[in-house]
Amino acid sequence: MTHLFEIVYLVVAVSLNFNIDSTYAARNNKYVTCGSVLKLLNVDYRVRLHSHDVKYGTGSGQQSVTATELQEDVNSHWAIKAATGKHCERGEPVKCGDTIRLHHLSTNKNLHSHHFQSPLSGNQEISAYGDEQGTGDSGDHWMVVCSGDSWQRNSPVKLRHIDTDAYLSCSGRTFGRPINGQMEVVGVSSPYSGTDWTAAEGLFVHPTENESTPRHTEL
């Protein structure tokens, strides 16, 4: 009986230590990394980057990209990937100046832009684009503009579109049906108004771990 009690005690102790270590590692994983899945929060408007299977009725006619105040919406999940034809190691911190793709998990398309006008404000249109395998083109490429060496989870970054030099932003205008209340996401030439984004909820791959044990916060 004593021996059984000792075994149970050791199992509980190891379990507690593992949970403490995991929590400590998650809190100290301060970088956004390749392979992470996250929601992007606009600093000025407090809305999350969002997409869905609804096409624009004007402009390119591609899948629309908006922003929503809802924290829990699963259509706001974006995976960090390398540029088309490139590779980045899972868990490797995204460096300031890196070119990335933001892959929309629900619809298998990439955050995209081009020289079309946005429907509400007449700025540059932001869409989601790609084939059934999630492959698009150079219009899916975004440069991470930040200070320091790498993209930190608690620090704002800007996303500059490689092909057009436009910055990812929000116009402050909202749509009616069928996406009532969602905010227009646009590309703008000025890097100042509405162009700062932070990593909000997500599943962040730790630099020292393998693929089977990602760290996450509330999705």
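Residues numbered from 1 in each chain as written. Predicted model: local features only at pLDDT ≥ 70, side-chain atom pairs only at ≥ 80, totals over all residues. Heavy atoms only, no water.

(A) The state of the cysteines, seen in detail. Across all of its chains, the model carries 2 disulfides by this definition. Here C34 engages in a disulfide with C88; their sulfurs sit 1.8 Å apart. Judged by the sign of its S-S torsion, about 55°, the bond between C34 and C88 is right-handed. Of this pair, C34 sits in the loop between α1 (2-27) and β1 (37-42) while C88 sits in the loop between β4 (78-82) and β5 (99-104), and the two are 54 residues apart along the sequence. (Disulfide = S-S within 2.5 Å. Helix = DSSP H or I, 4+ residues; strand = E, 2+ residues; numbered from the N terminus.)

(B) Quick peek at the packing of aromatic side chains. Counted by the stated rule, this structure contains 0 aromatic pairs. Between the NZ or CZ atom of R153 and the centre of the ring of F204, over which it lies, the distance is 3.8 Å. (Phe/Tyr/Trp six-rings, centres within 6.5 Å; stacked < 30°, edge-to-face > 60°. Lys NZ or Arg CZ within 6 Å of the ring centre and 35° of its normal.)

(C) Inspection of the pairing of β5 at higher detail. In terms of burial, β5 is a largely internal element, 5 of the 6 residues being buried. Pairing analysis gives 5 bridges linking β4 to β5, with the strands arranged antiparallel. Paired with A82 across the strands is I100, a residue of β5. Here β5 folds back onto strand β6 (residues 109-117), and the loop between the two strands holds 4 residues, one of which, N108, carries a positive phi near 65°. (Buried < 20%, exposed > 50% of the residue type's maximum accessible area, 1.4 Å probe, protein only. Pairing = 2+ DSSP bridges.)

(D) Representation of the pattern of salt bridges. Inspection of the entire model under this criterion finds 5 salt bridges. A salt bridge links D149 to K95; its shortest N-O distance comes to 3.5 Å. One end of the pair, D149, is in the loop between β8 (142-145) and β9 (158-161); the other, K95, is in the loop between β4 and β5, and 54 residues separate them in sequence. With a relative accessible area of 52%, D149 lands in the exposed category. By relative accessible area, K95 is classed as partly exposed at 37%. The partner of K158 in a salt bridge is D196, with the nearest N and O atoms 2.8 Å apart. Here K158 is found in strand β9, whereas its partner D196 is found in the loop between β11 (183-188) and β12 (197-204), with 38 residues between them in sequence. (Salt bridge = Lys/Arg side-chain N within 4 Å of Asp/Glu carboxyl O.)

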